[in-house]
Amino acid sequence: MSLLEVKNLRVEFPTRRGTLVALDDVSFAIAPGEVLGVVGESGAGKSMTGAAIIGLLEPPGRIAGGQILLEGRRIDNLPYEQMRRIRGREIGAIFQDPLTTLNPLYTVGRQLVETMTTHLPIGPGEARERAIGWLEQVGIPAARERIDSYPHEFSGGMRQRVVIALALCAEPKLIVADEPTTALDVSIQAQVIALLKRLAREKGTAMMLVTHDMGVIAETADRVAVMYAGRIAEIGPVREVVKHANHPYSQGLMASIPPLDRRVERLQQIEGAMPRLSAIPKGCAYNPRCPHAFDRCQTERPDLMPAGRTEAACWLHAEGSAR
Amino acid sequence: MTPMLETQDVARHFDVSRPLIQRLLAREGRRTLRAVDGVSFAIPKGSTLSLVGESGCGKSTVARLVVGLYPPTRGRVLFDGQDLAAARADRRQRSRMQMIFQDPYASLNPRWRVADIIAEPIRAFGLIEGRAAQMERVGELLTQVGLSPLDGQKYPHEFSGGQRQRISIARALSSNPEFLVCDEPTSALDVSVQAQILNLMKELQARLGLTYLFISHNLAVVRQVSDRIGVMYLGRLVELAPAETLFTTPRHPYTRALMEAIPDLEMTGRARTPVGGEVPSPISPPSGCAFHPRCPLANARCKAEAPRMLPAGEAQVACHAVEEGRAAA
């Protein structure tokens, strides 16, 4: 059974000029121990999906339809207090900026201990021992001495390790990581990715990894979902999506990444820009930029359908469609 | 031919001491941050030199030094053979260099119309008289960067990040510069937009014969745009080489570590060895070679003696291990 199941999720933002649909009909599942990468341009809805799952949508955003199920139990309609218990205990969150995640007034140790005593049936003494263990596991040298340091006494890379320890310490089944390595330098980024991968494998933790960095996804994820204008354009095994994408948008996105191993005279680019939420085109949202668009794309919105070894929301892959 | 820009052992130090009273109470001396500490390179006309490195390596400080936003603490910057300070005193010389910044949200005045933003350098340098003629030139510039002349009447908030960066480029081009300093021009953009901007910059270079100093932390981007690449670490160049040479035969252990660390699309499922440790503080850099605490090839000499830039094939490398032949190719 899937650990997390998102079914037809719809998130709306009521504004004075009408309701904006930020997420529309988003469905996917994550199995225990699996890493699902979520990619897309800014504004595509990837962070919004993560925020909806951990129940931290910023008002006035609200879930207007669909369900989120954790181990078969609905969590999208829980009261605040109940959701707060799930967050931390069952779902851990890692955000981009470690400085805003950590409380600057408390020592790192106190934040870890508090998280564990809140969510696990253990006392402060044992929690402190475990906190030291976690800091060692995430690769903080001299953890026993550094546990009583404040967040500002750590460097950026070390701080993000602390955040990871904090997300993991209550042993959640699912981690939602939103751009966990974006604020870090490449050499530190590599260390943090290796760490996340190892921990997911060892503890069997499932992870939803939101990032715009395809390199990170290629290294870390098992499956990947490509989002465009609030919907999933394509979802499938990471190798397939990276190498043999079936949706024209995923193809364009992959082709526009500058290659590291050679120089090209001209990078492939996708013409135009992603539409604003207030002006999403009729039919397939990608049709104005799509080199393969035909009549049906302009009138009818495609749902995910099997395409090669992935699923793509694209009429090119419909039964009996002219290709 | 005289290079467009040359730096000779240029350095920039910042005083980061605590206030006098606190210093006296704590009995500590002044503290100096050596953001850039002796960097020499030359950029031939019409070519692109890129500087890469991690945050805090001093690459953005170099960008600011070469356009004169900071005066150097030591060394010289020559713009077209002329001392930079003298060149900047002359308006005509100053209009020959422009800068593009990383954040297109912060670098455009939100209260000005785009046409006025782009026309500002034209007016400041007194290049074109008369509003009608100025607006005609603005229209040309907007077309040149792939926007519509009508966009000049809009405000920056009406544009996406990529379009704003196009506006920044149009503004930089408005004084007909020959030399552009681009400080992470695509780091704030999505990849599909990044491709558009990089293509645009390459087209403009070919069409207008521009010289670029390109600052980036992204090696894949740098490979696409550069003729030569300098790798910086803690305020110094550790390797300077033609772009293709750097990628085919990286010599400095830090260059190799950087390349090894980049997550690559080809590496699906492959494990790799990350570089250990972090960039040390430039306030108290390690003795000798600044990279030695993280370097797999470090020995006693590396701890004691700072390496100098020495030729190695087509490249210049500052590394004792490379000099002594200890770094296997």
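Before reading on, note that the structure itself is shown above.
Note that the coordinates shown come from a computational prediction; the quantities given were computed from them, not determined experimentally.

Draft legend 1. Structural view of the overall build of chain B. Along the backbone of chain B there are 13 helices and 12 strands. Against the 2.2 N^0.38 benchmark of 20 Å for 329 residues, chain B shows a C-alpha radius of gyration of 21 Å, consistent with a compact globule. In terms of overall dimensions, chain B has C-alpha extents of about 70 × 55 × 40 Å along its principal axes. For chain B, the proportion of its 329 residues judged to be buried stands at 53%. Across chain B, the fraction of contacts at a sequence separation of at least 24, relative to all contacts at a separation of at least 6, is 65%. Once the 40 positive and 33 negative side-chain charges of chain B are each reduced to a mean point, those two points are 5 Å apart.

Draft legend 2. Fine view of the sheet that holds strand β5 (residues 82–83) of chain B. Residue and element names in this part refer to chain B. Reading across the sheet, the 4 strands line up as β2-β1-β4-β5 and stay open at both edges, with antiparallel pairing between neighbours. Each edge of the open sheet is held by one strand with a lone partner, namely β2 (32–43) and β5. With 5 bridges connecting them, strand β1 (residues 5–15) and strand β4 (residues 74–79) associate as antiparallel partners. Bridge pairing in β4 places Glu6 opposite Leu78.

Draft legend 3. Main features of the nonpolar core. Counting 100 residues, the largest nonpolar core has Phe28, Ile53 and Leu174 of chain A as the members making the most contacts within it. A per-element tally of this core places helix α7 (residues 156–168) of chain A first, with 8 residues. In this structure Leu174 of chain A touches Leu3, Leu4, Ile30, Ile53, Leu70, Glu90, Ile91, Gly92, Thr205, Ala206, Met207 and Met208 of chain A, once residues within four positions along its chain are discounted. In terms of nonpolar packing, the next biggest core, distinct from the first, is built from 65 residues, Ile100, Ile118, Leu258 and Ile262 of chain B among them.

Draft legend 4. Fine view of the packing of aromatic side chains. Residue and element names in this part refer to chain A. Scanning the entire structure with this criterion turns up 8 aromatic pairs over all chains. By the ring-pair criterion, three or more aromatic residues cluster together here, those being Tyr228, Tyr249 and Tyr286. Across the ring face of Tyr106, the terminal group of Arg110 is positioned such that the distance to the ring centre comes to 3.7 Å. A cation sits over an aromatic face here: Arg146 above Phe154, 4.3 Å from the ring centre.

Draft legend 5. The arrangement of the pairing of β1 of chain B in detail. Pairing geometry for β1 of chain B and β2 of chain B, over 9 bridges, is antiparallel. In the strand pairing of β2 of chain B, Val10 of chain B is matched with Val39 of chain B.

Draft legend 6. Fine view of the pattern of salt bridges. The tally for this structure, following the rule as stated, stands at 43 salt bridges over all chains. Between Arg231 of chain A and Asp24 of chain A there is a salt bridge, with the nearest N and O atoms lying 3.3 Å from each other. In this pair, Arg231 of chain A is assigned in strand β10 (residues 231–237) and Asp24 of chain A in strand β2 (residues 18–30), connecting sequence segments 207 residues apart. Residue classification places Arg231 of chain A among the buried positions, given a relative accessible area of 13%. What makes Asp24 of chain A buried here is its relative accessible area of 16%. When the shortest N-O distance is used, the salt bridge between Glu54 of chain B and Arg294 of chain B registers 3.8 Å. Of this pair, Glu54 of chain B sits in the loop between β3 (48–52) and α2 (59–66) while Arg294 of chain B sits in the loop between α11 (253–261) and α12 (300–304), and the two are 240 residues apart along the sequence.

Draft legend 7. Structural detail: unusual backbone geometry. Residues and elements named next belong to chain A. In this model, Pro59 is joined to Pro60 through a cis peptide bond whose omega is 5 degrees. With respect to the secondary-structure elements, Pro60 resides in the loop between α1 (46–53) and β4 (62–70). For Ala142, which is not a glycine, the phi torsion comes out positive at approximately 55 degrees. Along the chain, Ala142 falls in the loop between α5 (124–137) and α6 (143–146).

Draft legend 8. Focus on α1 of chain A. Residues and elements named next belong to chain A. Summarising burial for α1: 6 of the 8 residues are buried, a large majority. Buried residues of α1: Lys46, Thr49, Gly50, Ala51, Ala52 and Ile53, and no others. The positive-phi residue at the C-terminal boundary of α1 is Gly55, with phi of around 70 degrees.

Draft legend 9. Local environment of the interface of chain B and chain A. Between chain B and chain A, the residue contacts involve 43 residues of the former and 46 residues of the latter. Taking both sides of the interface into account, the surface hidden between chain B and chain A amounts to around 3700 Å²; carbon and sulfur atoms contribute 50%. For the pair chain B and chain A, the number of links is 1 salt bridge. Ionic pairing is found between Arg266 of chain A and Glu203 of chain B, a salt bridge with its closest N-O pair at 2.8 Å. Joining chain B to chain A, the criterion identifies 16 residue pairs in polar contact (both at pLDDT 80 or more). Those elements that place two or more of their residues in the side of chain B that touches chain A are α8 (191–208), α9 (219–225), α10 (243–248) and α11 of chain B. At 10 residues, α8 of chain B tops the list of elements feeding residues into the side of chain B that touches chain A. When grouped by side-chain class, the residues that make up the side of chain B that touches chain A number 18 nonpolar, 12 polar and 13 charged.

Scoring rules and cut-offs
- Residues numbered from 1 in each chain as written.
- Chains lettered and ligands numbered in written order.
- Predicted model: local features only at pLDDT ≥ 70, side-chain atom pairs only at ≥ 80, totals over all residues.
- Heavy atoms only, no water.
- Helix = DSSP H or I, 4+ residues; strand = E, 2+ residues; numbered from the N terminus.
- Rg over C-alpha atoms; globule rule 2.2 N^0.38 Å.
- Buried < 20%, exposed > 50% of the residue type's maximum accessible area, 1.4 Å probe, protein only.
- Contact = heavy atoms within 4.5 Å.
- Lys, Arg positive; Asp, Glu negative; His and termini not counted.
- Charge placed at Lys NZ, Arg CZ, Asp CG, Glu CD.
- Pairing = 2+ DSSP bridges.
- Core = buried A, V, L, I, M, F, W, Y, C linked by side-chain atoms within 4.5 Å.
- Phe/Tyr/Trp six-rings, centres within 6.5 Å; stacked < 30°, edge-to-face > 60°.
- Lys NZ or Arg CZ within 6 Å of the ring centre and 35° of its normal.
- Salt bridge = Lys/Arg side-chain N within 4 Å of Asp/Glu carboxyl O.
- Buried area = accessible area lost by both parts, 1.4 Å probe.
- Polar contact = N/O pair within 3.5 Å; in protein donor to acceptor, adjacent residues only side chain to side chain.
- Nonpolar A, V, L, I, M, F, W, Y, C, P; charged D, E, K, R; others polar.

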